[in-house]
Amino acid sequence: MDALAPLIASAINAGTPLMLAALGLLINEKSGVINLGSEGMMLVAAVVGFAITLHSDSVVLGFAAGALAGMAMAGFFAWLTVWLGANQVATGLALSLFGVGASAYIGIAYVGESLQAGQFGIPLLQDIPLLGPALFRQHPMVYFSLLLCGGIIWFLSRSRAGLVLRAVGESPSSAHSLGYSVRRIRLYALLFGGACCGLAGAFMSLVYTPMWVEGMVAGRGWIALALTTFATWRPARVLIGAYLFGGITILTYHMQAMGVPIASQLLSMLPYLATILVLVLISRNANWIRLNMPASLGKNFNPNT
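Residues numbered from 1 in each chain as written. Predicted model: local features only at pLDDT ≥ 70, side-chain atom pairs only at ≥ 80, totals over all residues. Heavy atoms only, no water.

**Q** Quick question: what am I supposed to make of the environment of alanine 46 here?
**A** Tracing the backbone through its elements, the reader meets alanine 46 in helix α2 (residues 38–56). A relative accessible area of 0% means that alanine 46 is categorised as buried. Put simply, alanine 46 and valine 217 are 171 residues apart on the chain and 8.2 Å apart in space, counted from C-alpha to C-alpha. Apart from the residues lying within four places of it in its own chain, the contact partners of alanine 46 are Gly201, Ala202, Ser205, Trp212 and Met216. (Helix = DSSP H or I, 4+ residues; strand = E, 2+ residues; numbered from the N terminus. Buried < 20%, exposed > 50% of the residue type's maximum accessible area, 1.4 Å probe, protein only. Contact = heavy atoms within 4.5 Å.)

**Q** Got a minute to help me understand the nonpolar core in this structure?
**A** Grouped burial of nonpolar side chains is what soluble globular proteins tend to show. In this structure, Leu23, Ile27, Phe63, Phe203, Trp212 and Val238 are the most contacted members of the largest nonpolar core, which totals 77 residues. Considering every element that reaches this core, the biggest residue donor is helix α9 (residues 182–208), with 15 residues. In contact with phenylalanine 63, not counting residues within four places along its chain, are His139, Met141, Leu199, Ala202, Phe203, Leu206 and Val207. (Core = buried A, V, L, I, M, F, W, Y, C linked by side-chain atoms within 4.5 Å.)

**Q** Before we go on, may I ask you to explain helix α1 (residues 4–30) in this structure?
**A** Spanning 27 residues, α1 covers 37 Å between terminal C-alpha atoms, matching the ideal 39 Å at 1.5 Å per step. Helix geometry: α1 is bent most strongly at glycine 15, by close to 30°, with proline proline 17 lying one to four residues after it. By the criterion of burial, α1 is predominantly enclosed, with 22 of the 27 residues buried. After α1 finishes, the residue glycine 32 shows a positive phi value of roughly 95°. (Expected span 1.5 Å × (residues − 1). Bend = angle between axes of the 7 residues up to and from the residue.)

**Q** Is there a simple way to explain the side chain of threonine 252 in this structure?
**A** Within the secondary structure, threonine 252 sits in helix α11 (residues 235–257). What threonine 252 contacts, discounting residues up to four positions off in sequence, is Leu267, Leu270 and Pro271.

**Q** Any chance you could explain helix α7 (residues 160–170) here in plain terms?
**A** Every α-helix carries 3.6 residues per turn, so stepping three or four residues along brings you back to the same face. Along α7, the residues that are buried comprise Gly162, Val164, Leu165, Val168 and Gly169. The arc that holds the buried residues of α7, viewed along the axis, is 160°, so those residues lie on one side. In α7, the exposed residues that point more than 90 degrees away from the buried face are Arg160 and Leu163. Turning to α7, the residues buried within the fold contact α1, α6 (140–158), α8 (172–177) and α9. Taking the backbone nitrogen of glycine 162 as reference, a side-chain oxygen 3.0 Å away marks serine 159 as the first, capping residue of α7. (Arc of directions from axis to C-beta. Polar contact = N/O pair within 3.5 Å; in protein donor to acceptor, adjacent residues only side chain to side chain.)

**Q** How do you make sense of the state of the cysteines when you look at a structure like this?
**A** Cysteine pairs can be linked by a disulfide, which is a covalent bond between their two sulfur atoms. Taken as a whole and assessed by the stated rule, the structure comprises zero disulfides. Free of any disulfide, cysteine 149 has its nearest cysteine sulfur in cysteine 196, 11 Å distant. Classification of cysteine 149 by relative accessible area gives buried; the value is 4%. You can call cysteine 196 buried: its relative accessible area is 2%. (Disulfide = S-S within 2.5 Å.)

**Q** Looking at this structure, how should I read the environment of cysteine 149?
**A** Examined against the element boundaries, cysteine 149 turns out to sit in helix α6. Remark: the alpha-carbon pair of cysteine 149 and leucine 20, spanning 129 residues in sequence, is separated by 8.4 Å. Contacts of cysteine 149, omitting those with residues within four sequence positions, involve Leu23, Pro235, Ala236 and Leu239.

**Q** Would you take a moment to explain a nonpolar patch on the surface for this structure?
**A** A cluster of nonpolar side chains, Ile262, Leu266, Met269, Leu270, Leu273, Ile276 and Val280, forms an exposed patch at the surface whose accessible area comes to about 560 Å². Within the element layout of this structure, isoleucine 262 appears in the loop between α11 and α12 (264–283). (Patch = residues over 30% accessible without salt bridge, like charges linked within 9 Å, V, L, I, M, F, W, Y side chains within 5 Å. Areas by Shrake-Rupley, 256 points an atom, 1.4 Å probe, with all protein chains shown as cover. Salt bridge = Lys/Arg side-chain N within 4 Å of Asp/Glu carboxyl O.)

**Q** What is the right way to look at unusual backbone geometry in this model?
**A** Excluding glycine, most residues fall at negative phi; most peptide bonds, likewise, are trans. One non-glycine residue, aspartate 57, lies in the positive phi region at around 60°. For aspartate 57, the position within the fold is in the loop between α2 and α3 (59–83). Phi is positive for leucine 130, which is not a glycine, with a value near 65°. By secondary structure assignment, the location of leucine 130 is in the loop between α4 (88–106) and α5 (131–135). Residue leucine 130 is classed as partly exposed on the basis of its relative accessible area, which comes to 27%.

And the structure:
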């Protein structure tokens, strides 16, 4: 039981950046836009958030800078795809490659630097046996991600704005004929997704591993993209998928520490293999994906046609 609490806490910590990024990408895709630049956005946000925190000694400013960096890159993506009509897949891949290179260049001055890890906890609740160390000694951003998930569930299912967003993703021409600006709504959705990816990247460099290492996101941006499909575009399932991936990731670390006679390279592959396996199992039911996928996903909209 003493070993279980740290394992659960670490799994939640590892799953949080995935959930933040995947929730933002889910909103993107609900509006009918697919942004494959999440990996690059997270990396740029990670190095920007780390640099701002290191110089200002303020984690809050670091997270804000990370979110703004993600929004700036998402805004550039929106200009190219939503206004200029560039191919979404090609532009997203280019954005991701740009983010990988830009983050490496910006981060040269910060290699080897580290931040002081803080101690957090909810009074009284953190002292509950097992549950306290596992659930109530997390960074505030962990609880924010849970609130964000609940807020998005309410937004998509209960609010008028959420209904309009879904309408834009399902039938942009119909939404346009009713007087809604499809381009502006997609811009807002992309900016929100960029901010979420920015927070996820900043979480990686400020909380998960409080230091800057080139390529530290390590494919999590791509996993977050896969999670939106794994979750069939439902926020609650994003939460489950993120924590599942986080749990498998932490379990592989514990297995390595315990000296399990399996090659470390194979253990490092397990979280990604598990994600692929889940996607393959889900993809066997094509109707399930088709019924939940936004009809206009990946398709540009021209209001003049």
